[in-house]
Amino acid sequence: MEISNKVALVTGGACGLGRAFCEMLLSYGAKVSICDLDSDAGENACDVLGQKFGKERVMFCHCDVTDYVQFEEAFQTTITEFDRLDIVVNNAEIMNDKFWELEVDVNLNGTIRGMLLALQYLGKDKEGHGGVVINIGSAQSFRPQISTPIYCASKHAILALSKSCGDAYHYNITGVRVIVLCPGVLHHDASSSAFGNRFKSPSHEKAWQLDMKGVHPQKCEHVAKGLISIIRDAKSGSVWLIANEKAPKEVPYSSITM
Ligand SMILES: NC(=O)c1ccc[n+]([C@@H]2O[C@H](COP(=O)([O-])OP(=O)(O)OC[C@H]3O[C@@H](n4cnc5c(N)ncnc54)[C@H](O)[C@@H]3O)[C@@H](O)[C@H]2O)c1
């Protein structure tokens, strides 16, 4: 899929990696709907990116991905404003095992809601003309993260959801490619002073140090560049790792023979 003149909806698009995705998509000629719970950061991102790329190409929708009705309104508002929708990036997250039920509701259930809405509005068997869904996993989708087991579980589940929905069986019906992009650790998080507050207990900080051993944080812009090639060329159901500032690498999904 070429990016130019397509319309993308990015959840958690106000900050961090989501914002870098929005900027990269705009720089390749897409129109972008920034969907986020944080209205101040979202309006600000919309203003700044609007000045750089044109106000008519970027909009902000206040949207809590834990609320299906609000999330659906964001899809409808985006389609009304831009007249189409082609790309959905399910990126919103919290990483805080202290609030694990909310964490699962945002990271996993929020991705499921975004996935179902994308199939409804993009699926050629429903209201759409096909498209692409990118679900954001993590390097922790493939391995344990001992400091934040529940965050890690939510990211593992995103892999299973996306592999199943992205299977050729579904793609042939919906025309919607479903792909997982799994970033390694990003710069902005590793340097956050609030980071220690995200663990269930102080002893988990030691576990975080073990998890981070040998990890090289990367810039959000690097991962965002990888998003473009994945949207253009990746097969439905494929899984991509972008870590340590390296190029996107397709990761085989191991299957256990029974
Ligand atoms: N930061 C890392 O090192 C890292 C590593 C691997 C994967 N990831 C993944 O990359 C993605 C982005 O991570 P990030 O570090 O940029 O996150 P971030 O915390 O910087 O930004 C998350 C965004 O999601 C928004 N958000 C939170 N709850 C929401 C809700 N209920 N509804 C709508 N929006 C909501 C926030 O307001 C924020 O704008 C996530 O899926 C994350 O799991 C991050």
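These numbers were taken from a predicted model, which means no experiment stands behind them.

J.: Mind showing me how you'd approach the pairing of strand S2 (residues 31–36) here?
T.: Along any regular strand the residues' side chains alternate between the sheet's two faces. The element S2 is largely enclosed, with a buried count of 5 among its 6 residues. Across 5 bridges, strand S1 (residues 7–11) lies against S2 in parallel orientation. Within S2, the position partnered with Val 7 by the bridge is Lys 31. Bridge analysis of S2 against strand S3 (residues 58–62) gives 5 bridges, and the strand direction is parallel. From the neighbouring strand, Ile 34 faces S3, where its bridge partner is Phe 60. As for the winding sense of the linkage, the β-α-β connection from S2 through helix H2 (residues 39–53) to S3 is right-handed.

J.: Please clarify how unusual backbone geometry should be interpreted in this entry.
T.: In most cases, non-glycine residues show a negative phi, while peptide bonds are predominantly trans. Non-glycine residue Asn 5 carries a positive phi angle of around 70°. As for its position among the elements, Asn 5 is in the segment before S1. On the basis of relative accessibility, which here comes to 61%, the residue Asn 5 falls in the exposed class. Unlike most non-glycine residues, Asp 83 shows phi in positive territory, near 75°. Its location among the elements puts Asp 83 in the loop between helix H3 (68–82) and strand S4 (87–90).

Procedures and definitions
- Residues numbered from 1 in each chain as written.
- Predicted model: local features only at pLDDT ≥ 70, side-chain atom pairs only at ≥ 80, totals over all residues.
- Heavy atoms only, no water.
- Buried < 20%, exposed > 50% of the residue type's maximum accessible area, 1.4 Å probe, protein only.
- Helix = DSSP H or I, 4+ residues; strand = E, 2+ residues; numbered from the N terminus.
- Pairing = 2+ DSSP bridges.
- Right-handed = clockwise from strand over helix to strand, strands pointing away.

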